[in-house]
Structure formats: structure tokens, C-alpha cells
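What follows is each chain in one-letter form.
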Amino acid sequence: MSNNYTGAAQLSFSDKSEQYEKTVNKNEISVIRTTYWALLNLGTHHVQERNDRKHVRISNFMALVYFAGSLLYLSFSILWDKWEWFFILSSLSLSSLLLLALNSIGKINASRVMFMVLMNFCLFLDALYVGPHAQGLNYFIISVVIPFLFFDMKHTRYIALGVVFPLLLIYAYEFVAPQFSVYNLSLDEQTILARLGVILQFLLMLIAVYQFVYYNKRAEEDLQSSNAQMVMQTSELTRSNADLEQFAYIISHDLKAPVRNISSFMSLLVSKHGNTMHPEAREFVDYSLSGSKRLERLIDDVLSYCRIGINLPKPVPVNLNEVVGTIRFELRDRLTAGNGKVNIVKELPVVNHVHSSLMYHVFQNLISNGLKFNKTGAPEVNINWTNSLNFYTFSISDNGIGISKDYSAVIFQMFKRLHNEKDYDGTGIGLAICKKIVEYYHGDVWFESEQGKGTTFYFTVRKF
Ligand code: ADP
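All residue numbers here refer to positions counted from 1 along the written sequence of the relevant chain. For this predicted model, a pLDDT threshold of at least 70 governs which residues receive local features, and a threshold of 80 or more governs which side-chain atom pairs are given and counted, while totals over whole chains, interfaces and linings are taken from all residues. Hydrogens and waters are ignored; side-chain quantities use all the structure's heavy atoms.

1. Observations concerning the pairing of strand β4 (residues 380-387)
Looking along a regular strand, one sees the side chains alternate between the two faces of the sheet. Of the pairings in the sheet, the one linking strand β2 (residues 341-344) to β4 comprises four bridges and is parallel in character. Looking at the pairing, I344 lines up with I383 of β4. Counting the residues between successive antiparallel strands, the hairpin from β4 to strand β5 (residues 391-398) contains three residues. Should DSSP find at least two bridges between two strands, the strands are taken to pair. In this description a helix means any DSSP run of H or I spanning at least four residues, a strand means any run of E spanning at least two, and both kinds are numbered starting from the N terminus.

As C-alpha cells, this is what we get:
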């Protein structure tokens, strides 16, 4: 029994220790991985652009590779008892560590420039010291590639420095090398280094190119996923906008009939019994009537806003002189009574790809605003236009009260009014309608104004 018990205990103990070993290994691997990622990402939080972060990561990676490589050669220098060489290699290790340190404090350009200069200089001294048979100059092939891995093409100065400096050193080597023959390693040692160098340089090149391809691929994947996300968000936004407009449309449409009923019955009440009513009751009824009429106009305007772009027929060429002619005809009583004028400065063009109903709305709103917000006693609106390669630009200027520049952003918002109902009637939707229509035709609308002197509204219409 007791043996059995011991056996079971032993089994469970070995199981446990195996499990424990696995956990320790796992933890060790995760610590190594975390440290590696932390080193790789040093300084990336100081960089805004994704592409620049990629280059910083590659520079960290290359510094780690150079650090590991220099440690390998350091062990040779200790083994062969070559202390001058040891110091050169130590400088290479230090410049790798310095790059990481500078990156970590956000000096990302200084770090990479410093590394390119120091690393090349160390390689130069190294090539001189170990002797020509070790073929140390081959490392400069990677040096010339490094600036393209470290920097984006927009950093031409740094890239030029990174390429020109090693080339100059290769050139200088021819002249300086003979002076260093005294430090040369033995022929055997040089041959070992040359063979090792070929393998390492090949590996280094492979790693460098892999890094570049890997990060480019990852950046492309990130871009694709953020593009897909943007498309999704845009379609979601379009859908919720459409829902909102549909909602406004339904509400306005359903409100229209009862509000019209209220207005008509109020009017009927006033016309039939207005004279016999108590003055106070008449006053209340008048208020209700004007309120319901205003509500009716508001509903009509909201409906017009929601309808823009819906169920439009195919666009046909629109003669804008005719559109403005119709508006002028409709305003004739107001113009005569108010001593107003609407002038077409230069005959307007015939515009393709638009709808006369929508063009009517834009001109009608801007012209009637020019006449309305006017205290001169002789309101005048001038309509002009200019032609450019892709756009027509129309201007509607008045000699009215003017608008402060402070309102240039908000004035086109729905229900935004700068004056109260008592001074100037209106619903505050006219300019929002203009903007929506103009944007429907891929154009823009804005104004220039001088307070007390007048306002000019401009809008563009794309020609195709
Ligand atoms: P509404 O005319 O119904 O008030 P709009 O959207 O057409 O609404 O205009 C919004 C506001 O912009 C107006 O209430 C007015 O304060 C100002 N505005 C528009 N056009 C002019 C203009 N030509 N001159 C001065 N102010 C203007």
C-alpha cells in the first residue's frame, strides 16, 4: 500500500516538476519576447506618422543586430588577444546601444545619423585593422543600403549622407590601408574572418531586406484595414444621415395636413367672426394664426431641404437667364413696392448637369435675402458670374445690411438666423438649402461682406 502511495506521490511530483519547468520556460520566453518588442519599439511613441514609426523600428532592429554581431567579433578579439581591435568593436557595440538610447528619448533623427556615421567609421577602422584579406570592406555594401531602411525618401539629406559617407570611406581606404599593415591579423585569422564575414553579411542583408518587406507588408495591411474601416464608417454615416432625413421628411409630411387645417380654420374664424370677436380674443386668434402660418412655412422648408437630390429627373441643360427671369417675375410686386432691382450684370450661361428646380432654389433664396436684409429703401441685387476650366462661379451681391465675418462658418447651418422674427421674417433654412444644393453639384458656397455696405454670396457649379 505504502509503496503504491509513494509511487503515486513520485509520479505526481515528476508531473508537477515537468509542469513547473514548462511554466518557467514559457515565462522566460514571454519575458524575452516582451523585452525584444520593447527594444524594437523604443522611441516609436515620439513619432506621429505610421511610416516614420516603421523606420524607427527598423533602426532599432538593425542596432540590435549590429550589437549582437559586434559581440561575436569581440569574442574573437579576446580569443586572439587583439586589444586595439577590441576597442574598435566596443565602439561599434556602444554606438548600437547609443542609437537605442537616443531613440528612447525621442531623438530619432540624431540617433540614426549618429549611428550611420559612427558605425561606418568603426567599420572603416575595423577593415583597416584586420587587414585586406579579411575583406572588411564588404560590410559597406550593407552600409549603403541602411539609409534607405532607416529613413523615408522625404529625408533626402540624411539618405544622401548615409550613402556618400561610406562611399568616401571606401575611397579613402585605398590611401590609408597601407599605413595600417603593422596591425594586421595573421593570414589565417584574416581568412577565418573573411569566411565568417561572407556568411554574416549575407544573413545581415537578408534580415535587412526581410525587415523592409515585412514592415511594408504590415503597413499595407494596416492601411487596407483602416480603409475598410473608413468605408464602413462612411456608409454607416450615410445611412444614419439618410435615416435622419427620412425621419424629418415623414414628420414634416405628416404634420403638414393638421397644421394646414389649423391655419385654414383660424383664417376662416377671422374672416367670418373676426369683426364680432372680443378684441382680446381676436388678438389671441391672430397670434395663433401667425404662429400656425410660420409653422407651415417651416414644415415646407424642412420638406424642401429633405427632398433635395431625391427623385430628380435626368439633368438637362438649364438656361439660368430663364431661371432668374422667373424669380424676377415672381418678385415683381415686391420689387415695385420696395423700389428694388435685380440686375443680371452679364448674360448668364446655360449650365449642363444641373436641375432647373434646384438652381431656382439657390438663386431665389440668395436674391430674396439680398432684397430682404436691406434698409436702403432702394435694394439692389446684382448677379454676375465667371468661367474657369472646371467651374462656373456665380456671385449675388446686394447693398444690404451686411454680415459679420464671425458668422461665416455657422450661417449655412439649419435654423441659424442672425436676426429675430420681428425685424426680418424667415425660417433660417434658406442658406442651408443653398449649401446642400451646391454641394450636391460638388460646388462650394461662401460670402464676403462689409457691414452696412452689403454682402456678396458666391457659389460654384462644377461643369461635369
Ligand atoms: P432666413 O432668410 O429665413 O432667415 P437664411 O438661411 O436664408 O434664413 O439666412 C440665415 C440668416 O443669414 C438670416 O437670418 C440673416 O440673418 C443672414 N443673412 C442671409 N442673407 C443675408 C444677406 N444678404 N444680408 C445680410 N444677412 C443675411
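2. A few points about the domain arrangement of the protein chain
What the domain assignment lists for the protein chain is domain 1 (41-185) and domain 2 (316-462). Taking only C-alpha atoms into account, the centre of domain 1 sits 67 Å from that of domain 2. For every domain, the bounds stem from an assignment made automatically or drawn from a database.

3. Describing the site of the ligand
Only a single heavy atom is needed: when it lies within 4 Å of a molecule or strand, its residue is near that molecule or strand. Around the ligand lies a shell of 21 residues, among which N369, R417, H419, T427 and L431 are the nearest. Note that a nitrogen atom of the ligand is positioned 2.9 Å from one of the side-chain N or O atoms of D398. N or O atoms closer than or at 3.5 Å make up a polar contact, with two conditions inside protein: a donor-capable atom paired with an acceptor-capable one, and, for residues adjacent in sequence, both atoms drawn from side chains. Measuring from an oxygen atom of the ligand, one finds a backbone N or O atom of L418 at 3.1 Å. Residue exposure ignores everything except the shown protein chains as possible cover, and the areas themselves are Shrake-Rupley values with a 1.4 Å probe. In the complex, 98% of the free accessible area of the ligand, which totals 530 Å², lies under the protein chains. Element by element, the count of residues in the shell around the ligand is highest for helix α11 (residues 356-372), at three residues.

4. Let's talk about the packing of aromatic side chains
Planes of paired rings set the category: under 30 degrees apart is stacked, over 60 is edge-to-face and the rest tilted, where pairs are Phe, Tyr or Trp rings (Trp by its six-membered ring) whose centres lie within 6.5 Å. Scanning the model with the defined rule gives 24 aromatic pairs in all. Judged by centre distance (5.4 Å) and plane angle (75 degrees), the ring pair of Y171 and F175 falls under edge-to-face. You can see Y171 and its partner F175 sitting in helix α6 (residues 156-176), four residues apart, about one turn around the helix. Taken as a pair, Y171 and F175 share a single burial class, namely exposed. Ring pairs connect the aromatic residues Y73, F76, W80, W85 and Y139, which therefore count as one cluster. Lying over the aromatic face of Y305, K436 brings its terminal NZ or CZ to 4.5 Å of the ring centre. Look at NZ for Lys and CZ for Arg. If either is within 6 Å of the ring centre and within 35 degrees of the ring normal, a charge sits over the ring. The ring of Y392 carries the charged tip of K463 above its face, separated from the ring centre by 4.9 Å. Relative accessibility thresholds used throughout: buried, under 20% of the residue-type maximum; exposed, over 50%; partly exposed, between the two (1.4 Å probe, protein chains only).

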